[in-house]
Amino acid sequence: MDFIERTKLENEEKFKKMVTKYQIPKKYNDASKCFFSSKIAKLKLYSPKYKELKELIEDYNLMYEEMQYIFPKETGEILQEIFEKENTILGIHRTDFVQKQVLDIFNEGLKNRSLEYDTTVQTSNYFPFLLHQIYHANGFKNANHCIIVELPKEQKLPIYYYHDSVPYILPEYIVGAINVGKDSDYKLIFNPNYKKIHDYSPDGLFYDEILKRKEDMKKR
């Protein structure tokens with residue numbers, strides 16, 4: 001294969017990626033602007049903590065480059081839409097469950113160890129970091145699915161119910177699941193029970209303690 005043919009094939013492949021794969025917007029190409037700026041301002045230049053934070057920012061910026069054109073276009077756009085919603089939190093939960101067990105999560109909700117969502121759900125203020133965590137989720141206890149969760153930032157309704165003395169996040173907050181690992185297409189499998197708008201009776205349900213503490217701090 002000569003140079004012209006090779007270049008043509010490479011360009012065709014690049015174009016195919018641009019059409020079918022998700023491209024992270026440029027506004028996320030600098031982690032320091034996204035959520036580190038206030039921390040940087042408080043640290044003295046060249047202090048050990050400043051250097052530590054700058055190295056962390058560099059690592060996060062590499063994630064922006066690494067995660068370009070990895071996810072299907074539709075999956076990436078859905079995740080970005082949820083992440084950018086004003087009143088919601090995008091979270092992930094890694095699991096080694098087989099497909100039938102994932103469907104059980106869709107129907108029954110996500111089992112939690114307590115009434116604090118971060119005991120099971122990972123969140124971040126930097127979108128490429130979450131994409132990076134999904135992409136490399138298989139490295140965590142051989143996970144083969146990443147459960148996608150959309151939680152409220154403000155606690156207007158309780159989000160848990162108890163079953164056999166164990167709290168579960170309600171099914172309507174489970175967006176879906178993404179297959180992860182070798183040969184995965186990273187396509188989002190939608191949960192038919194997921195709802196964008198929540199309107200249900202709070203009777204018999206329980207509030208999240210993290211969200212409750214945030215509400216209490218606002219009132220002070």
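Calculation criteria
- Residues numbered from 1 in each chain as written.
- Predicted model: local features only at pLDDT ≥ 70, side-chain atom pairs only at ≥ 80, totals over all residues.
- Heavy atoms only, no water.
- Helix = DSSP H or I, 4+ residues; strand = E, 2+ residues; numbered from the N terminus.
- Buried < 20%, exposed > 50% of the residue type's maximum accessible area, 1.4 Å probe, protein only.
- Contact = heavy atoms within 4.5 Å.
- Areas by Shrake-Rupley, 256 points an atom, 1.4 Å probe, with all protein chains shown as cover.
- Axes fitted to C-alpha atoms, helices over the stretch in contact; angles between N-to-C directions.
- Parallel < 35°, antiparallel > 145°, perpendicular 65-115°, else oblique.
- Left-handed = near helix turned anticlockwise from the far one by under 90°.
- Nonpolar A, V, L, I, M, F, W, Y, C, P; charged D, E, K, R; others polar.
- Pairing = 2+ DSSP bridges.
- 1 Å grid on protein atoms, 1.4 Å probe; cavity = no way out; pocket = protein on both sides within 12 Å on 5 of 7 lines; lining within 4 Å.
- Points joined across faces, edges and corners; volume = space filled by probe spheres on them.
- Expected span 1.5 Å × (residues − 1).
- Arc of directions from axis to C-beta.

Caption draft 1: Summary view of the overall build of the protein chain. When its secondary structure is counted, the protein chain shows seven helices and seven strands. The order of α-helices and β-strands along the protein chain, N terminus first, is α-α-α-α-β-α-β-α-β-β-β-β-β-α. Counting every position in the protein chain, which comprises 220 residues, the buried fraction comes to 43%. When contacts within the protein chain are restricted to residue pairs at least 6 apart in sequence, long-range pairs at least 24 apart make up 78% of them. Summing over all exposed atoms, the protein chain offers an accessible surface of approximately 13,600 Å²; the carbon and sulfur share of this is 52%.

Caption draft 2: Main features of the packing of helix H3 (residues 48–66) against helix H6 (residues 127–135). As a packed pair, H3 and H6 sit with axes 9 Å apart at the nearest point and diverge in direction by 70°. The angle between H3 and H6 places the two elements in the roughly perpendicular class. Between H3 and H6 lies a crossing of left-handed hand. Contact residues: Tyr 60, Met 63, Tyr 64 and Glu 66 in H3; Pro 128, Phe 129, His 132 and Tyr 135 in H6. A per-class count over the contact of H3 with H6 returns six nonpolar, one polar and one charged.

Caption draft 3: Focus on the sheet that holds strand E1 (residues 88–95). Pairing is antiparallel in the open sheet, where four strands are placed in the order E1-E3-E6-E7. Two strands lie at the open edges of the sheet, namely E1 and strand E7 (188–190), each paired on one side alone. With strand direction ignored, the average angle separating the axes of adjacent strands in the sheet is 30°. Against the sheet, helix H4 (residues 73–84) engages E1, strand E3 (145–152), strand E6 (174–179) and E7, with an angle of about 130° to E1. Contacting E3, E6 and E7, helix H5 (residues 99–108) runs over the sheet at an angle of about 165° to E6.

Caption draft 4: Structural context of the layout of surface pockets. Approximately 470 Å³ is the volume attributed to the largest pocket. Of all the elements in the fold, those that place two or more residues in the lining of the largest pocket are E1, H5 and strand E2 (110–111). Of the residues forming the lining of the largest pocket, the biggest block, four residues, is contributed by E1. Counted by class, the lining of the largest pocket contains seven nonpolar, seven polar and six charged residues. Looking at the second largest pocket, its volume works out to about 320 Å³. For the lining of the second largest pocket, the element with the most residues is E3, which contributes three residues. Residues that form the lining of the second largest pocket fall into these classes: four nonpolar, three polar and eight charged.

Caption draft 5: Representation of the sheet that holds strand E5 (residues 166–169) within the structure. Judged by pairing direction, the sheet is antiparallel, and its three strands sit side by side in the order E2-E5-E4 without closing on themselves. Every interior strand has two partners, whereas the edge strands, E2 and strand E4 (160–163), have only one. By the bridge criterion, four bridges tie E4 to E5 in an arrangement that is antiparallel. Residue pairing for E5: Tyr 160 is matched across the bridge by Ile 169.

Caption draft 6: Quick look at H3. Taking 1.5 Å per residue as the helical rise, H3 with its 19 residues ought to reach 27 Å, and the 27 Å between its terminal C-alpha atoms agrees with that figure. Listed as buried for H3 are Tyr 50, Leu 53, Ile 57, Tyr 60, Met 63 and Tyr 64. Around the axis of H3, the buried residues are gathered within 125° of arc, so they sit on the same side. Turned more than 90 degrees away from the buried face of H3 sit Pro 48, Lys 51, Glu 52, Glu 58, Leu 62 and Glu 65, all of them exposed.

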